[in-house]
Every structure is written in structure tokens, then in C-alpha cells.
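Listed here are the chains, written in short residue letters.
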Amino acid sequence: MNFNEYPIDSLMYITNRPEIVFTHGKGSWLYDNTGKRYLDFIQGWAVNSLGHCNDGVVEALTQQARTLINPSPAFYNEPMAKLAQLLTQHSCFDKVFFTNSGAEANEGAIKLARKWGKKFKGGAYEIITFDHSFHGRTIATMSASGKPGWDTIYAPQVPGFPKADLNDIASVEKLITDKTVAVMLEPIQGEGGVIPASREFMQQLRELTKKHNLLLIVDEVQSGCGRAGTLFAYELSGIEPDVMTLAKGIGSGVPLGALLCKKHVEVFEAGDQGGTYNGNPLMTAAGYSVISQLTAPGFLDGVKARGEYLRTKLLELSAERGFEGERGEGLLRALLLGKDIGNQIVEKARLMQPDGLLLNAARPNLLRFMPALNVTTEEIDQMMAMLRSILDTL
Ligand SMILES: *Cc1c(COP(=O)(O)O)cnc(C)c1O
């Protein structure tokens, strides 16, 4: 079909989309309606942790679709129980509630913290979050986010989210009052431009929150599930948070998220939390396949090695072209361009012939790389060669 023949006019406008319709994908490659292929370093926005249409995930979905899709969230099902067990075995957390997105997992974390504050901290409800953070697109998670402009789009905001500066412990301490119940942060700010919280800052935060009896909540929707080279990014700083949220990579493309907490924070009572699709066996079966593959012997070592390989290549390019270096962890990295040419590069990369390249400029002065965790070094080399040829045309 030609692009003009697709019924796109009935879709609600939410953003400027290029005139491409993607039809299929495999691993690191996506194919459009004209048969052109694209090397994909966006992967559904760091979502397809195992690449497009991973065999294990497709098999799990197919099997489960034939067996049981949704018995109701008020009943147990096997994939839900098995995935929760796998997550608690491989993390410092004891309890899991499944959601359908990252925003919903964060909404759950906010509710859990407020309930915990009601029960144990005299009704304290304020959650300190950070400038340039991103926690989702519901009204409460937009209010928690520190994205410039988001405080006014759908005003009034949900109150109770004072903002501190990342990697500045004094800015957090200053905001603590008797109303404070928690501190919530992304261990690596993703949408903000791949800005890691330092190991020292994470440790200071853990100490400070312990001292004031506050919950430490990590939003690992983007940094979790192998993306940072460890199963969860909090492991990099050697601390244990009280609450964690996951989504994106946990389903390798399907809508699945999770809210995890330590035993002492498990305060929901019957009716406090739920949702029609939450923990359905179709999505949790996919999640089980994903987490099983990520925790298979050697897999995360491979992610670390490929992350290091990408880091080296980006640093070489940066030195060669006079850019400002790179930052990130594992396979969530940014090349710092030093000037606002990110969007121009993204556009040219997509239009390249014969193969296109899908990149993202999280900010105009940088490129963000979030390939499949099983991307090969050959594909990284291919991406770098394509990027060089684009830079030559600027
Ligand atoms: C993407 C993202 C979210 C929102 O997840 P959705 O599944 O899009 O609702 C929340 N937090 C972080 C850190 C994210 O990167």
C-alpha cells in the first residue's frame, strides 16, 4: 500500500509523525510499507529489550493466547505468580503488583507512599522529586515530573511534589518537612538526557531517607531490566531502595509494568489498588520470558560488554568530530554534541538510503542510544558508520 492509502486521518493528533508505516520487525531491524529497512536504536523508546519480535516472547504470547488471556485480576493465574517470584528472587524486593504501563506503576508507588505516610507518619504525603525527571503522563505522574512546561499544560497540578536538583543532596535536605513521606528518582534520568545519579548521591540519599524515616522510591521504568548492564540500575550504587517501578523493558514491547516494594512498605488493604487488566496472564507470560532471558547465565555480562563497546566507539567519534564526550550506563547512552544538531541528525538518519537509521535526540544537543540489549557489535559498527556518513553531510 502507498502511504496515502492508509486510513491515518481518523487518528487523533498527538505529535508530528513521519510519513512511514512500519509493517514488521526482527531483532534490531524494522521494515516499512515500501520495503525499506531501518537499523533501530530507539526500539520502541527503550521498550523492546530483546529486539523486535523476540522468539521467546512471541512463543510465550502465542502459547498463552491459546490457553488463557484474562481470568480477572481478582483471581490468581500462573504466569502472574511465576513472574512475581522471579522478580523478587532477582531483586531486593519482596512484593510485586503488576500494571499496564510505567505511569500506572508510578501512580501505584505514589499511592503506596501516601498510604504508608497515613499509617506510619502522621499523614505525611509529600514526595520529593527532581528537576528534569520524567515519571509518566497521567495527571499525578506529570505533576511528579520535572519536565519544563508540564506544570502548566493541564493545571492545576496534583500537589505534593517539591522538586530538588539531581546529584545535589543539600537541595533534597532543604525540602524535607514533617509532611515529607518519600524521595522518588530515576537512577538514570532518561528523557532528561541520560543523566545518571552518581553513586555517591544515591548513597547519600539512602542515608538521608533512613535518617528521616522516608521511603526511597526508584523509577526504573527506563533504567531497569538489564538496560544499565545490571538487572536493575540501583545495584550500581550498592544501595537498597524501599520501592521500585518497572515497565518498558520488562515486556520487550507489550504493555506491562510492575510496582515492587519491601515487606515493610506493603500497606495496601483490600480495594486500595487494582485494575481490570493488572497481572493478566498474557502480558505476564511475556514478562516471564523476558526476565528469564535477561537472567540467563552470561546475558547481562554481554550487555555490559556491548555497552562498553558502544561507549568506546562514541568516545572515538566525539574526539574525531570535536564533540563533548558521552555518558550513560550499559546500553542507555548519550553522545553530547555540544550544539543543537540532534534533531537534524535524527531526520537525516531516518531518510538515509538504502537503509535508514532510527535515532533519538532526547535533547537538541545530544543523541540518545537505546538499542536492543542483544544488539550485536556488528550492528553497533553499522550504526557508527551510518552516523559518520550523516555527520559528513552537515
Ligand atoms: C517511559 C517512562 C515512564 C512512563 O512509562 P509509560 O509506560 O510510558 O507510562 C515513567 N518513568 C520513566 C523513567 C520513563 O522512562
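Residues numbered from 1 in each chain as written. Predicted model: local features only at pLDDT ≥ 70, side-chain atom pairs only at ≥ 80, totals over all residues. Heavy atoms only, no water.

In the nomenclature of an unreviewed UniProt entry, the protein corresponds to Acetylornithine aminotransferase from the organism Paraburkholderia largidicola. Reading the Subcellular location (unreviewed entry) entry of the UniProt record for the protein gives the comment "Cytoplasm". Here is the UniProt Subunit (unreviewed entry) comment for the protein, exactly as written: "Homodimer." (UniProt positions renumbered as here; feature names shortened; annotations may be inferred.)

Attention shifts here to the overall build of the protein. From N to C terminus, the protein includes eleven helices and 17 strands. Taken against the 2.2 N^0.38 rule, which gives 21 Å for 394 residues, the C-alpha radius of gyration of the protein at 21 Å falls within 12% of a compact globule. With respect to the principal axes defined by its C-alpha atoms, the protein has extents near 60 × 50 × 45 Å. Excluding contacts between residues fewer than 6 apart, the proportion of contacts in the protein whose partners are at least 24 apart in sequence is 71%. Summed over its atoms, the accessible surface of the protein is roughly 17400 Å², and 53% of this surface lies on carbon and sulfur atoms. (Helix = DSSP H or I, 4+ residues; strand = E, 2+ residues; numbered from the N terminus. Rg over C-alpha atoms; globule rule 2.2 N^0.38 Å. Contact = heavy atoms within 4.5 Å. Areas by Shrake-Rupley, 256 points an atom, 1.4 Å probe, with all protein chains shown as cover.)

Before going further, it helps to examine the site of the ligand. Lining the immediate surroundings of the ligand are S101, G102, A103, N106, F134, H135, G136, E186, D219, V221, Q222 and K248. A distance of 2.8 Å is found between an oxygen atom of the ligand and a backbone nitrogen or oxygen belonging to A103. Between the ligand and the protein, one listed contact pairs an oxygen atom with a side-chain N or O atom of K248 at 2.6 Å. Here the ligand has 380 Å² of accessible area as a free molecule, and 82% of this is covered by the chains. (Near = heavy atom within 4 Å. Polar contact = N/O pair within 3.5 Å; in protein donor to acceptor, adjacent residues only side chain to side chain.)

What follows is about the UniProt feature "binding site: N(2)-acetyl-L-ornithine" (unreviewed entry) in the protein. Residues annotated in UniProt with the feature "binding site: N(2)-acetyl-L-ornithine" (unreviewed entry) correspond here to R137. Relative to the helices and strands, R137 is located in the loop between β5 (126-130) and α5 (139-144).

Let's shift gears to the layout of surface pockets. Rolled over the atoms, a probe with the dimensions of a water molecule shows which regions are left empty. Space inside the second largest pocket adds up to approximately 710 Å³. Of all the secondary-structure elements, those providing two or more residues to the lining of the second largest pocket are α3 (78-89), β4 (95-99) and β12 (257-261). Element by element, the count of residues in the lining of the second largest pocket is highest for β4, at four residues. Its residues assigned to classes, the lining of the second largest pocket shows 17 nonpolar, five polar and four charged. (1 Å grid on protein atoms, 1.4 Å probe; cavity = no way out; pocket = protein on both sides within 12 Å on 5 of 7 lines; lining within 4 Å. Points joined across faces, edges and corners; volume = space filled by probe spheres on them. Nonpolar A, V, L, I, M, F, W, Y, C, P; charged D, E, K, R; others polar.)

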